[in-house]
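For reference, the chains in residue letters:
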Amino acid sequence: MVALSAGSIASARASMHQTRKPLRIGAVAAAAEAFLAELLARFMVEAPAVPVELEIVRRDALWTLVEERKVDIGFAEVPPKRTTLQLLAIRRNEYVVAAGTSRRYDKATLARSLWLLREPGSGTRMATEEFLREYGISPACQILGSAAVILRCIIERAGVSLLPRDMIAAGVREGSLQIIRTPFTPTPRPWCFITAADRDISADTRRFLDSALRSRAFQRLD
C-alpha cells in the first residue's frame, strides 16, 4: 500500500509537471544578448518547476505577441504608448560607440570608418540611425544581423558600431574593445519588462518579476 501510494503521488506530480503552462517570454535579440541569459538562469535555479519558453522576435512584432497574449512577458526597449501594454519594470541600458583598441577616434575618424549595423526594424538599428543623424556623419555602412558577428568584426578592427554597454562590457574589461566618447553618447534607452495591460499577472509572471527585481538590475515602476 505504501509503494502504491508513493507511486500515485509520483505519477500525479509528473502529470502536473507535464500539463503546467510554460512561462512564455518574448525578447528582441539585443535584450537576449545583453542580459536575458543571466536573468533566465537565475529564475530557473530559483523556480525549477516552472517551464520556460523563450522566443526571439523583431521589435515591431513583439508588441502584437504581448497584446494577443502569445507571450506572457516581453523584453525590449521603450515600447510604443498603447493602452494594451503595461510597463512593470525597467533596466538601465546605454548605447555607446564601440571600436577595436590600438586606435584613437574622433568625429572625422568615425565618419571615415565602416559602421556595422543590425537588421532593419531592430531597436539597435534605429538607435544607430538616430545617432548618425544627430552627429552629422554619413559613413559607409554594412548590415550584419548578428551582434556576435558585429562584436567579432569590431575586435578585428573591421568597423565600429553603436551597441548596448552591457553587450560589450566583457570585451572592454579584457582590453579587446574600447568605448568612444561623443557628444551624443552614452545614449540612455532602458530595457523594459512588458506585459499585456488588460489582464491579471499570472503567478509565474510575478515570480519572474520578483526574481528580476531581486537581481537589482531592474527597477519596479509604480
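Quantities reported herein were computed from a predicted structural model and do not represent experimental measurements.

Peer 1: What exactly am I supposed to notice about the packing of aromatic side chains here?
Peer 2: One pair of aromatic rings is described through two measures. These are the centre distance and the angle between the planes. Scanning the entire structure with this criterion turns up twelve aromatic pairs. Between Phe35 and Trp191, the aromatic rings sit 5.7 Å apart at their centres with planes inclined by 50 degrees, giving tilted as the arrangement. Of this pair, Phe35 sits in helix α2 (residues 29-46) while Trp191 sits in strand β11 (residues 191-196), and the two are 156 residues apart along the sequence. The buried category is assigned to Phe35, whose relative accessible area is 3%. Ring geometry for Phe75 against Phe193: centres 5.2 Å apart, planes inclined by 80 degrees, an arrangement best described as edge-to-face. Of this pair, Phe75 sits in strand β3 (residues 73-76) while Phe193 sits in strand β11; the two residues are 118 residues apart in sequence, bridging distant segments of the chain. Side by side, Phe75 and Phe193 carry an identical accessibility label, which is buried. Feature note: the residues Phe35, Phe43, Phe75, Trp191, Phe193, Phe208 and Phe218 constitute an aromatic cluster, connected by ring pairs.

Peer 1: Help me understand helix α3 (residues 59-67) in this model?
Peer 2: At 3.6 residues per turn, the α-helix brings residues three or four places apart onto the same side. Considered for burial, the residues of α3 that qualify are Arg59, Leu62, Trp63, Leu65 and Val66. What you see down the axis of α3 is that its buried residues fit within an arc of 165 degrees, all on one side. Contacts made by the buried residues of α3 are with β1 (23-27), β2 (52-56), β3, β4 (85-91), α5 (123-135) and β11. Phi turns positive, to about 60 degrees, at Arg69, one or two residues after α3.

Peer 1: Would you mind showing me how to read the pairing of β3 here?
Peer 2: Regular strands place side chains that alternate from one sheet face to the opposite one. Taking every second residue as pointing to the same face, both faces of β3 are buried, with Ile73 and Phe75 on one and Gly74 and Ala76 on the other. By the bridge criterion, three bridges tie β1 to β3 in an arrangement that is parallel. The residue bridging Ala27 from the neighbouring strand is Phe75, located in β3. Pairing analysis gives three bridges linking β3 to β11, with the strands arranged antiparallel.

Peer 1: Sorry if this is basic, but what is going on with the nonpolar core here?
Peer 2: Inside soluble globular proteins, nonpolar side chains tend to come together where they are buried. Counting 63 residues, the largest nonpolar core has Phe35, Phe75, Leu110, Trp115, Phe193, Phe208 and Phe218 as the members making the most contacts within it. When residues of this core are assigned to their parent elements, the largest contribution, eight residues, is made by α2. Apart from the residues within four sequence positions on either side, Leu110 is in contact with Val97, Tyr105, Trp115, Tyr135, Ile137, Pro139, Val160, Ile180 and Thr182.

Peer 1: Would you explain the sheet that holds strand β12 (residues 218-220) in this entry?
Peer 2: Consider a sheet: its strands pair through backbone hydrogen bonds, and that pairing is either parallel or antiparallel. If you walk across this open sheet you meet the six strands as β2-β1-β3-β11-β4-β12, and the pairing is mixed. Edge positions in the sheet fall to β2 and β12, since each has one partner strand and no second. Between one strand and the next, the sheet's axes are offset by a mean angle of 30 degrees, whatever the strand orientation. Pairing analysis gives three bridges linking β4 to β12, with the strands arranged antiparallel.

Definitions and cut-offs
Residues numbered from 1 in each chain as written. Predicted model: local features only at pLDDT ≥ 70, side-chain atom pairs only at ≥ 80, totals over all residues. Heavy atoms only, no water. Phe/Tyr/Trp six-rings, centres within 6.5 Å; stacked < 30°, edge-to-face > 60°. Helix = DSSP H or I, 4+ residues; strand = E, 2+ residues; numbered from the N terminus. Buried < 20%, exposed > 50% of the residue type's maximum accessible area, 1.4 Å probe, protein only. Arc of directions from axis to C-beta. Contact = heavy atoms within 4.5 Å. Pairing = 2+ DSSP bridges. Core = buried A, V, L, I, M, F, W, Y, C linked by side-chain atoms within 4.5 Å. Axes fitted to C-alpha atoms, helices over the stretch in contact; angles between N-to-C directions.

Geometric descriptors of this kind do not, in isolation, establish any biological role.
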